[in-house]
Amino acid sequence: MRNLTTWQALVIASELGIAFAIAVLAGVFLGNVADERLGHDVPILTVAGAFIGLAVAVFSSIQLVQLMTRPRKE
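Below, the structure is looked at part by part. Quick caveat: nothing in here was measured; it's all calculated off a predicted structure. (Residues numbered from 1 in each chain as written. Predicted model: local features only at pLDDT ≥ 70, side-chain atom pairs only at ≥ 80, totals over all residues. Heavy atoms only, no water.)

**Notes on a nonpolar patch on the surface**
Part 1 of the argument: A grouping of F20, V47, F51, L54, V58 and I62 is seen on the molecular surface, where their side chains present a nonpolar patch of about 510 Å² in accessible area.
Part 2 of the argument: No other element matches the five residues that helix α2 (residues 44-69) contributes to the nonpolar patch. (Patch = residues over 30% accessible without salt bridge, like charges linked within 9 Å, V, L, I, M, F, W, Y side chains within 5 Å. Areas by Shrake-Rupley, 256 points an atom, 1.4 Å probe, with all protein chains shown as cover. Salt bridge = Lys/Arg side-chain N within 4 Å of Asp/Glu carboxyl O. Helix = DSSP H or I, 4+ residues; strand = E, 2+ residues; numbered from the N terminus.)

**Side note on the side chain of S61**
Part 1 of the argument: Examined against the element boundaries, S61 turns out to sit in helix α2.
Part 2 of the argument: According to the relative accessible area criterion, S61 is buried, its value standing at 9%.
Part 3 of the argument: A polar contact is formed between the side chain of S61 and the backbone oxygen of A57, at a distance of 2.8 Å.
Part 4 of the argument: Excluding residues within four positions of it along the chain, S61 makes contact with L16 and F20. (Buried < 20%, exposed > 50% of the residue type's maximum accessible area, 1.4 Å probe, protein only. Polar contact = N/O pair within 3.5 Å; in protein donor to acceptor, adjacent residues only side chain to side chain. Contact = heavy atoms within 4.5 Å.)

**As for helix α1 (residues 6-38)**
Part 1 of the argument: Look at α1: 48 Å from first C-alpha to last across 33 residues, which is about the 48 Å you get at 1.5 Å a residue.
Part 2 of the argument: For α1, the complete set of buried residues consists of I12, A23, G27, G31 and D35.
Part 3 of the argument: Where the residues of α1 are buried, they touch α2.
Part 4 of the argument: Directly beyond the C-terminal end of α1, a positive phi value near 75° is found at G39. (Expected span 1.5 Å × (residues − 1).)

Note that every value here comes from positions in space, so none of it alone points to a role or purpose.
Structural data, given as structure tokens:
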């Protein structure tokens, strides 16, 4: 595992938080737009979009953590 400075750890944590927020909000937004265009009374696609956004955020976060924790090539 890499030895990270405090600033590097803060940047990684911030990037994870921002990635989660953007992915989930994008899923909710796109689901809401789809619900409105299709005329659904129940926000089925909004909820589905939120879950898809959450899944994308988790996948992205796992990739980022694996990239940051792998040993350096020297």
